[in-house]
Amino acid sequence: MHTGRETTHDGCAIVCDDPLAQSLEGAIDLILSRIEPVAETETIATEVSLGRVLADPVVSGTSAPGWDNSAMDGYAIRHADLAAHGGRLQVAQRIPAGTTGTPLASGTAARIFTGAPVPTGADTVAIQEICQRIDDYVDIPLTCKEGANIRRAGEDVQAGSEVVAAGVRLAPQHLGLAASVGVAELQVYRRLRVAILASGDELVMPGKRLAPGQLYNSNGFTLTGLLQSLGCEIVDLGLVPDSLEATAVALRRGASAADLVIASGGVSVGEEDHLKFAVEQLGSLDFWTIPIRPGKPVAFGCIHGTPFFGSPGNPVALFVTFCLIARPLIMRLQGMAGDLSPTRVSVRAGFDWPSPDRRTEFHRGRLQTGADGAPELIAYPSRSSAVLSSVAWADGLIEIPPGHRIHKGDSVGFMPFATLF
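Residues numbered from 1 in each chain as written. Predicted model: local features only at pLDDT ≥ 70, side-chain atom pairs only at ≥ 80, totals over all residues. Heavy atoms only, no water.

One pass over the structure, following the stated rule, counts one cavity of 30 Å³ or more. Space inside the largest cavity adds up to approximately 70 Å³. In terms of lining, the largest cavity is formed by Gly51, Arg52, Val53, Arg169, Tyr189, Arg190, Arg191, Leu192, Leu230, Gly231 and Gln334. A class-by-class count of the residues in the lining of the largest cavity yields four nonpolar, three polar and four charged. (1 Å grid on protein atoms, 1.4 Å probe; cavity = no way out; pocket = protein on both sides within 12 Å on 5 of 7 lines; lining within 4 Å. Points joined across faces, edges and corners; volume = space filled by probe spheres on them. Nonpolar A, V, L, I, M, F, W, Y, C, P; charged D, E, K, R; others polar.)

Relative orientation of the contacting elements helix H5 (residues 244-257) and helix H6 (residues 275-282) amounts to 55°, with a least axis distance of 9 Å. Taken together, the axes of H5 and H6 lie oblique to each other. Seen along the crossing, H5 lies across H6 with a hand that is right-handed. In contact with Leu244, Thr247, Ala248, Leu251 and Arg252 of H5, H6 contributes Leu275, Phe277, Ala278, Val279, Gln281 and Leu282. Broken down by class, the residue content of the contact of H5 with H6 amounts to eight nonpolar, two polar and one charged. (Axes fitted to C-alpha atoms, helices over the stretch in contact; angles between N-to-C directions. Helix = DSSP H or I, 4+ residues; strand = E, 2+ residues; numbered from the N terminus. Parallel < 35°, antiparallel > 145°, perpendicular 65-115°, else oblique. Left-handed = near helix turned anticlockwise from the far one by under 90°. Contact = heavy atoms within 4.5 Å.)

What follows covers the packing of aromatic side chains. Working definition: an aromatic ring pair is given by the centre-to-centre distance plus the angle between the planes. Evaluated as defined, the whole model comprises six aromatic pairs. Between Phe319 and Phe421 the ring centres are 5.8 Å apart and the planes differ by 70°, which places this aromatic pair in the edge-to-face class. Placement of the pair is Phe319 in helix H7 (residues 315-333) and Phe421 in the segment after strand S28 (411-416), with a sequence separation of 102 residues. Centroid distance Phe417 to Phe421: 6.1 Å. Interplanar angle 35°. Geometry classified as tilted. Take Phe421: its relative accessible area is 37%, and that puts it in the partly exposed class. Grouped by ring-pair contacts, the aromatic residues Phe319, Phe417 and Phe421 constitute a single cluster. For Arg111, the ring lying beneath its charged end belongs to Tyr75, and the centroid distance is 5.1 Å. (Phe/Tyr/Trp six-rings, centres within 6.5 Å; stacked < 30°, edge-to-face > 60°. Buried < 20%, exposed > 50% of the residue type's maximum accessible area, 1.4 Å probe, protein only. Lys NZ or Arg CZ within 6 Å of the ring centre and 35° of its normal.)

Another point: the sheet that holds strand S22 (residues 299-303). Pairing is mixed across the open sheet formed by six strands, whose spatial order is S18-S15-S19-S23-S22-S20. Two strands lie at the open edges of the sheet, namely strand S18 (233-240) and strand S20 (283-287), each paired on one side alone. Along the sheet, successive strands turn relative to each other by an average axial angle of 20°, direction set aside. Here S22 pairs with strand S23 (residues 306-311) via five bridges, running antiparallel. In the strand pairing of S23, Phe300 is matched with Phe309. Contacting strand S19 (260-264), S20, S22 and S23, H6 crosses the sheet at an angle of about 125° to S20. (Pairing = 2+ DSSP bridges.)

Our focus in this paragraph is the packing of helix H1 (residues 24-34) against H7. To describe two helices that pack against each other, one gives the angle between their axes and the distance between the axes. As a packed pair, H1 and H7 sit with axes 10 Å apart at the nearest point and diverge in direction by 15°. By the angle between their axes, H1 is roughly parallel relative to H7. Considering the relative orientation of H1 and H7, their crossing is right-handed. Contact with H1, carried on its side by Leu24, Ile28, Ile31 and Leu32, involves Leu324, Ile325, Pro328, Leu329 and Arg332 of H7 and no other residues of that element. Grouping the constituent residues of the contact of H1 with H7 by class yields eight nonpolar, no polar and one charged.

For a regular strand, side chains alternate in direction, first toward one face of the sheet and then toward the other. As paired elements, strand S7 (residues 88-95) and strand S11 (residues 137-139) share three bridges and run antiparallel to each other. Looking at the pairing, Leu89 lines up with Val138 of S11. The sheet contact formed by S7 and strand S8 (residues 108-112) spans five bridges and is parallel. Residue pairing across strands places Gln93 opposite Ala110, the latter belonging to S8.

The next point concerns the pattern of salt bridges. Under the defined criterion, the tally for this structure stands at 14 salt bridges. As a salt-bridge pair, Glu42 and Arg52 come within 2.4 Å of each other at their nearest N and O atoms. Pair noted here: Glu42 is in strand S3 (residues 41-45) and Arg52 is in the loop between S3 and strand S4 (58-59), with a separation of 10 residues, a long-range link. Here Glu42 falls in the partly exposed class, since its relative accessible area comes to 32%. Arg52 sits in the buried class, given a relative accessible area of 7%. Residue Glu361 is joined to Arg383 by a salt bridge in which the shortest nitrogen-to-oxygen separation is 2.7 Å. With a gap of 22 residues between them, Glu361 in strand S25 (residues 360-369) and Arg383 in the loop between strand S26 (375-379) and helix H8 (389-393) connect regions that are remote in the sequence. (Salt bridge = Lys/Arg side-chain N within 4 Å of Asp/Glu carboxyl O.)

Here we come to helix H4 (residues 218-229). Compared with the 16 Å implied by 1.5 Å per residue over 12 residues, the 17 Å span of H4 between its first and last C-alpha is a close match. Taken as a whole, H4 has its buried residues at Asn219, Gly220, Thr222, Leu223, Leu226 and Leu227. Within H4, the buried residues cover an arc of 165° as seen down the axis, which keeps them to one side. Buried positions along H4 lie against strand S15 (193-199), S18, S19 and H7. (Expected span 1.5 Å × (residues − 1). Arc of directions from axis to C-beta.)

Right, let's talk about the state of the cysteines for a bit. Summed over the entire model, instances satisfying the criterion amount to zero disulfides. We note that Cys144 lacks a disulfide partner, and the nearest cysteine sulfur, in Cys131, lies 7.0 Å from it. Left unpaired, Cys232 is separated from the closest cysteine sulfur, that of Cys323, by 13 Å. (Disulfide = S-S within 2.5 Å.)

To continue, consider unusual backbone geometry. Omega for the peptide link from Ala64 to Pro65 comes to -5°, which places this bond in the cis form. Structurally, the position occupied by Pro65 is in the loop between S4 and strand S5 (69-70). Residue Pro294 follows Arg293 across a cis peptide bond; omega there is -5°. For Asn149, which is not glycine, the phi torsion reads 65° and is therefore positive. Looking at the secondary structure, you find Asn149 in the loop between S11 and strand S12 (150-151).

Given below as structure tokens:
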């Protein structure tokens, strides 16, 4: 394991003892310890801020609700009047939402609607379903509970309180909460710019005819979709020939145009794999191998101060390493705070796994309903990192520790795709 670091001339830290290998946990910790969010922020309208990362907290200038209001349609009353008048009260006023009634006189009730302010003097709202209206009077059961069906002022939000913390990716509920306290604009981090490139002479773009030995560039489209799901702007550097010079040129372009460079392919140890050497030539490389399956050849480093992430060329390995490593890297760059680890849940295995790997394995799994009605996981039959259809088939990743055998009925760790994108 790594025990020390030093800083290079381009401002990037390198690990001193063994810069070639890193554990998955160590790799993520190393990345997150080095990464700072983009510095630039912008002010945008609340209604268009979905998916952006909040730079400044939302602090409420008002309480919500701003007054005691009715939680139901019914009758606002003084609870003490029920026994005093045998449960029959005169209906003296009508208060729809958006209007304000007058102080409630003793022995009377106010017809009130959901959201309307509770009149001064009332302490209870009797819902209309338990009441019986007779001309200008209403009969209310004496069992009606005091204080029922009133939303108290400030019970949701107190004036001056923080309602959304900085570092949160804004979901619909955050937009609604900000609007509920009157916030029309939010300060957010600017969108992250990510440069992507695919390395390999064998790659062609979809729509063109394949020559012998060629493959369609699926990785570029997978990466684009993954990055778009995280709200990134994409700088597409295209297909890069298998040469050190072409790789270095593309990396320089990406580092100057973006906040992060991601490359697929070319990070292994073959004669035509040039990314490792190009990154070391232009900056520094922290690690380029992690003991996981799929995804062992994965790299992280810096190019003139711009973070670099290199994924394997096999499409499943690209997908898995993005989910595990690139995703938290991107989220931290975007300004997200807190624990960025993927969500793991325990699910019953509906499969056997008799031949474990020496590495931690992230296999494709699908949820189904077991014979007893409980959820269980089934595993894709192939372990190949080239079978991209396995990812489209799956609902998430099954985490299998090194040397760990699984029997039907065991609990296994599962990362649902729905929590990743």
